[in-house]
Amino acid sequence: MALTTDSRIESAPRAIDTPIISADSHITEPGWTYLDNIDPAFRDRAPFMTDEAGEGACFHVPGMSYKIHLGLHSAAGRQSDQLSMKGVPFEGLHRAGWDATARVEAQQADGVDGEVIYPSVGMLLCNHPDIDLKKAMFDAYNRWIAEYCAVAPDRLYGCGQTAARTIPEAISDLEAISAAGLRGVMLPGTPGPAYDGGPDYDDPAWDDFYTAAIDLGLVLSFHILTGENYKPRGPKLNTFMSIIRGNQDLIGTFVFGGVFDRVPDLKIVCVEADAGWVPHYSYRMDHAYNRHRNWLKSATLERRPSEYVEDHVKVTFQDDWSAFRMAEAGLLKPEQLMWANDYPHSDSTWPYSQGMLAEQTSALTDDARAKILGGNAVELYNLGDLFN
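Everything in this summary refers to the structure shown in the same document. Sequence order as written defines the numbering, with residues in each chain counted from 1. With pLDDT at 70 or above as the cut-off, local features in this predicted model cover only qualifying residues; side-chain atom pairs require 80 or more to be listed or tallied, and sums for whole chains, interfaces and linings still use all residues. The basis for every side-chain value is the complete set of heavy atoms in the structure, and neither hydrogens nor water enter the calculation.

Some details on the overall build of the protein
Phase 1 of the analysis: Each helix is a run of DSSP H or I of at least 4 residues and each strand a run of E of at least 2, with the numbering of both proceeding from the N terminus. For the protein, the helix and strand inventory stands at 16 helices and 11 strands.
Phase 2 of the analysis: The atom set for the radius of gyration is the C-alpha atoms, and the globule formula is 2.2 Å times the number of residues raised to the power 0.38. In summary, the protein has a C-alpha radius of gyration of 20 Å against a globular reference of 21 Å for 388 residues, a match within 12%.
Phase 3 of the analysis: If you line up the protein on its principal axes, its C-alpha atoms span 60 × 50 × 50 Å.
Phase 4 of the analysis: Burial analysis of the protein (388 residues in total) assigns 54% to the buried set. Using a 1.4 Å probe on the protein chains alone, a residue whose accessible area is under 20% of its type maximum counts as buried, one over 50% counts as exposed, and one in between counts as partly exposed.

Written out as structure tokens, the structure reads:
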């Protein structure tokens, strides 16, 4: 049976002897991230932090109608009745979110050998309406995260950001991200041209971009909350259930758009949307293509949609008991799955990951366990030299 949110196994031994990699972890941007690194032409519009009584640490972003409070961005290890978006001062946030030396200590406390690092505030900035400011903010973030990861490059594998303002510029962004020593790129849910009726990610116009990422060895990923926000019905808790829909839409965009036929070496990562739903979604894609493709148009595919999902789409998850059961039953290939601890966010399994993993992976083969908990990330992000 799945663990409940606050059911933890403390002081558990390491779940496996092979590398354990969190395929989705985060930094917590400090107040100087953008101010100190943004193009001077945009400095007067750079995001800035305040630490206010009652509000706690929060970012103000010109052009956005709301503050970005950091309480849930740094709530790992807290019980559910202690979670709060507002009211957490900067000094109450996990120092490891912006101090790379403290980050290594946090990894060791959770039995993790390395982390693929994503932004926090930067996820929400993907939806900023001013694409020129978005470009400047992402360039600033890339400078900051490269310095952060350079402190412990054997353990910190940073993902840069691109505003994807134009396709040629996005390729230049890839080259800059690679030159900075980063390992991957978190793409916005909607590319710049698509806002004005231009090519979306399934358009062949993007194929050169995908080829460039492959040639540079950069992994492309889509994180939840980086695209269109769905408006669920009912109680606010229902918003938690809707956030995986953007990732599902992107999988369909790439598969039904024929992207993987045109660029057969491309793999993408759908981040923090869990994984237990993937078998049914893959089956539904097969059904849609077999039954409805003549009146609902798509690219003409060379294989079943589910086969592209199996071979080209990686999914990350934290506490998803059903994902491990699907792998055990053969409904998900172990190669599709990459575990993550989501540190230091509120959905994190830190610092109790080893106990949770020992329980939830107990029925898996040693080979499947090793792949899901780290081996797949080592292969995808070309980390083999660090663990041989």
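Continuing now.
What to know about the sheet that holds strand 9 (residues 268-271)
Phase 1 of the analysis: At least two bridges found by DSSP between two strands are what make those strands a pair. Pairing is parallel across the open sheet formed by eight strands, whose spatial order is 1-5-6-7-8-9-10-11. Because the sheet does not close on itself, it has two edges, and the strands there are strand 1 (21-26) and strand 11 (337-339). Sheet twist, expressed as the average angle between the axes of neighbouring strands with direction ignored, equals 30 degrees.
Phase 2 of the analysis: Looking at chain direction, strand 7 (residues 184-186) and strand 8 (residues 219-223) are connected through three bridges and run parallel. Looking at the pairing, Met-186 lines up with Ser-221 of strand 8.
Phase 3 of the analysis: Here a residue-residue contact requires only that any non-hydrogen atoms of the pair lie within 4.5 Å. Axis lines are fitted through C-alpha atoms, for helices just across the contact stretch, and the angle between N-to-C directions can take any value from 0 to 180 degrees. Together, strand 1, strand 5 (114-118) and strand 6 (156-161) form the strand contacts of helix 2 (residues 100-109), whose direction differs from that of strand 5 by roughly 130 degrees.

As for unusual backbone geometry
Most of the time, phi is negative for any residue but glycine, and the peptide bond is trans.
Phase 1 of the analysis: Cis peptide bonds are those with omega within 30 degrees of zero, and the linkage from Tyr-343 to Pro-344 qualifies with 0 degrees.
Phase 2 of the analysis: With respect to the element layout, Pro-344 can be found in the loop between strand 11 and helix 14 (353-360).
Phase 3 of the analysis: Omega for the bond connecting Trp-350 with Pro-351 falls within 30 degrees of zero, at 0 degrees, which places this linkage in the cis form.
Phase 4 of the analysis: Within the element layout of this structure, Pro-351 appears in the loop between strand 11 and helix 14.
Phase 5 of the analysis: Of note, the phi angle at Ala-164 is positive, near 50 degrees, even though the residue is not glycine.
Phase 6 of the analysis: Structurally, Ala-164 can be placed in the loop between strand 6 and helix 5 (167-179).
Phase 7 of the analysis: Residue Asp-274 is not a glycine yet carries a positive backbone phi of 65 degrees.

Structural notes on the sheet that holds strand 4 (residues 68-69)
Phase 1 of the analysis: The three strands are arranged 2-3-4 in an open sheet whose pairing can be described as antiparallel. In this open sheet, the two edge strands, each paired with only one partner strand, are strand 2 (48-52) and strand 4.
Phase 2 of the analysis: Relative to strand 3 (residues 56-60), strand 2 runs antiparallel, the two being bridged by five bridges. Residue Thr-50 lies in a different strand from strand 3, and its bridge partner there is Cys-58.

Section: helix 2
Phase 1 of the analysis: Considered for burial, the residues of helix 2 that qualify are Ala-100, Ala-102, Arg-103, Val-104, Ala-106 and Gln-107.
Phase 2 of the analysis: Tucked inside the fold, the buried residues of helix 2 contact strand 1, strand 5, helix 4 (131-150) and strand 6.
Phase 3 of the analysis: One side-chain oxygen at the N-terminal end of helix 2 lies 3.0 Å from the backbone nitrogen of Thr-101; it belongs to Asp-99.
Phase 4 of the analysis: Just past helix 2, the residue Gly-111 takes up positive phi, approximately 70 degrees. N or O atoms within 3.5 Å of each other form a polar contact, as long as, within protein, one can give a hydrogen and the other can take it, and as long as residues adjacent in sequence are counted only when both atoms are side-chain atoms.

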